[in-house]
Amino acid sequence: SHHHLAAQFADHSLDRAYLALVWGILSPHKGAVSGNIGRNPRNRKKMAVVTRGGRKALTHYKLQHRLGDWASLVECRLATGRTHQIRVHMASIGHPVIGDKLYGGGVKSATRKRAPKFCELAANLGRQALHAYILGFIHPRTGEKLYFESKISEDLKALL
């Protein structure tokens, strides 16, 4: 079973979908972010979209819901699976995941004036506003395609 699932991870045949609350409103509302991801040359603890080296990465995104003019609920589907891929790709297009201190997802002062209650909840979230909500894979024995969906957590519901 382990080898079968590991092979699906390796060949990217797993279905994985995430919900992310990001700062700003994505435009266009649907698209893809691509770019090799590797170690950030200025901070080895971070990953980054790099021009040399790294590994190919592709994230498809779709706007699900706008929160005023300050945030978006976005569905992200991975065509690849790199370390911090969603966080790096969203930050690279100017829409960091809310609560992601490593990649710039802290509360913005301009937004604090327009949406004080939202910003207070975001500041107290204590984690990234990222939720793995769909996992689909082929059962190793039966060959049946299985899908599992996880409801969004209460703390993220409060932000919505």
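Note: the structure precedes this text.
The numbers attached to residues start from 1 for each chain and follow its sequence in the written order. Local features in a predicted model are, by the rule used here, given only for residues with pLDDT of at least 70; side-chain atom pairs are given and counted only at 80 or more, and totals for whole chains, interfaces and linings are based on all residues. Note that the side-chain values use all heavy atoms of the structure and ignore hydrogens as well as water.

Draft legend 1. Local environment of the overall build of the protein chain. Within the protein chain one finds five helices and eight strands. Reading the protein chain from its N end, one meets helices and strands in the order α-β-β-β-β-β-β-α-α-α-β-β-α. Over its C-alpha atoms, taken along the principal directions, the protein chain stretches across nearly 55 × 40 × 30 Å. The contacts in the protein chain between residues at least 6 apart in sequence include a share of 64% that link residues at least 24 apart. With the model as given, the accessible surface of the protein chain reaches about 9,300 Å², and the carbon-plus-sulfur share is 53%. Across the protein chain, the 26 positively charged side chains and the 10 negatively charged ones have centroids separated by 10 Å. Each helix corresponds to a stretch of at least 4 residues labelled H or I by DSSP, and each strand to a stretch of at least 2 residues labelled E; elements are numbered beginning at the N terminus. Here, residues are in contact when the closest pair of their heavy atoms is within 4.5 Å. The protein chains shown are the only cover counted for residues, whose accessible areas, like all others here, come from Shrake-Rupley with a 1.4 Å probe. Positive charges come from Lys and Arg, negative ones from Asp and Glu, while His and the chain ends are left out of the count. By convention, the point assigned to a charge is CZ for Arg, NZ for Lys, CD for Glu and CG for Asp.

Draft legend 2. Just the environment of Gly-106, in detail. Tracing the sequence through the fold places Gly-106 in the loop between α2 (85-92) and α3 (109-114). Look at Gly-106 and you get partly exposed, because its relative accessible area is 33%. Put simply, Gly-106 and Glu-120 are 14 residues apart on the chain and 11 Å apart in space, counted from C-alpha to C-alpha. Ignoring any residue separated from it by four or fewer positions in sequence, one finds Gly-106 in contact with Trp-23 and Asp-100. Only protein chains enter the accessibility calculation, which uses a 1.4 Å probe; a residue is then buried when its area is under 20% of its type maximum, exposed when over 50%, and partly exposed in between.

Draft legend 3. Structural view of the packing of aromatic side chains. Note on ring pairs: Phe, Tyr and Trp rings are taken, using the six-membered ring of Trp, and paired if centres are within 6.5 Å. Classes follow the plane angle, with under 30 degrees stacked, over 60 edge-to-face and the rest tilted. Evaluation of the coordinates by the stated rule reveals three aromatic pairs. Ring plane angle 85 degrees and centroid distance 5.9 Å describe the contact between Trp-23 and Phe-118, whose orientation is recorded as edge-to-face. Placement of the pair is Trp-23 in strand β1 (residues 15-23) and Phe-118 in helix α4 (residues 116-123), with a sequence separation of 95 residues. Side by side, Trp-23 and Phe-118 carry an identical accessibility label, which is buried. Taken together, the ring pairs connect Trp-23, Trp-70 and Phe-118 into an aromatic cluster.

Draft legend 4. Quick peek at the side chain of Gln-85. You can see Gln-85 is positioned in helix α2. Classification of Gln-85 as buried rests on a relative accessible area of 2%. In terms of polar contacts, Gln-85 uses its side chain to reach the side chain of Thr-59, at 2.8 Å. Dropping the residues within four chain positions of it, Gln-85 is found in contact with Ile-37, Ala-57, Leu-58, Thr-59, Leu-78 and Thr-80. The definition of a polar contact used here is a pair of N or O atoms within 3.5 Å, where within protein one atom must be able to donate a hydrogen and the other to accept one, and adjacent residues in sequence count solely through side-chain atom pairs.

Draft legend 5. Structural context of the environment of Phe-148. Summarising the element assignment, Phe-148 is placed in strand β8 (residues 145-149). Put simply, Phe-148 and Arg-16 are 132 residues apart on the chain and 9.8 Å apart in space, counted from C-alpha to C-alpha. Excluding its chain neighbours within four sequence positions, the residues that come into contact with Phe-148 are Tyr-133, Ile-134, Leu-135 and Phe-137.

Draft legend 6. Summary view of the sheet that holds strand β6 (residues 71-78). Think of it this way: DSSP has to see at least two bridges between two strands before they count as a pair. One open sheet accounts for six strands, arranged β2-β5-β6-β1-β7-β8; its pairing is antiparallel. A strand with exactly one partner marks an edge of an open sheet, and here the two such strands are β2 (30-34) and β8. This sheet shows a mean twist of 25 degrees between the axes of neighbouring strands, independent of strand direction. Relative to β8, strand β7 (residues 130-138) runs antiparallel, the two sharing five bridges. Pairing of Ile-138 across the sheet is with Lys-145, part of β8. Axis lines are fitted to C-alpha atoms, over the contacting stretch for helices. Their N-to-C directions set the angle, which ranges from 0 to 180 degrees. Against the sheet, α2 engages β1, β2, β5 (58-67), β6 and β7, with an angle of about 70 degrees to β5.

Draft legend 7. Layout of α2. Taking burial as the measure, the eight residues of α2 include six buried ones, the bulk of the element. Inspection of α2 places Gln-85, Ile-86, Arg-87, Val-88, His-89 and Met-90 among the buried residues, and these make up the whole buried set. Two residues or fewer past α2, Gly-94 is found with a positive phi of approximately 85 degrees.

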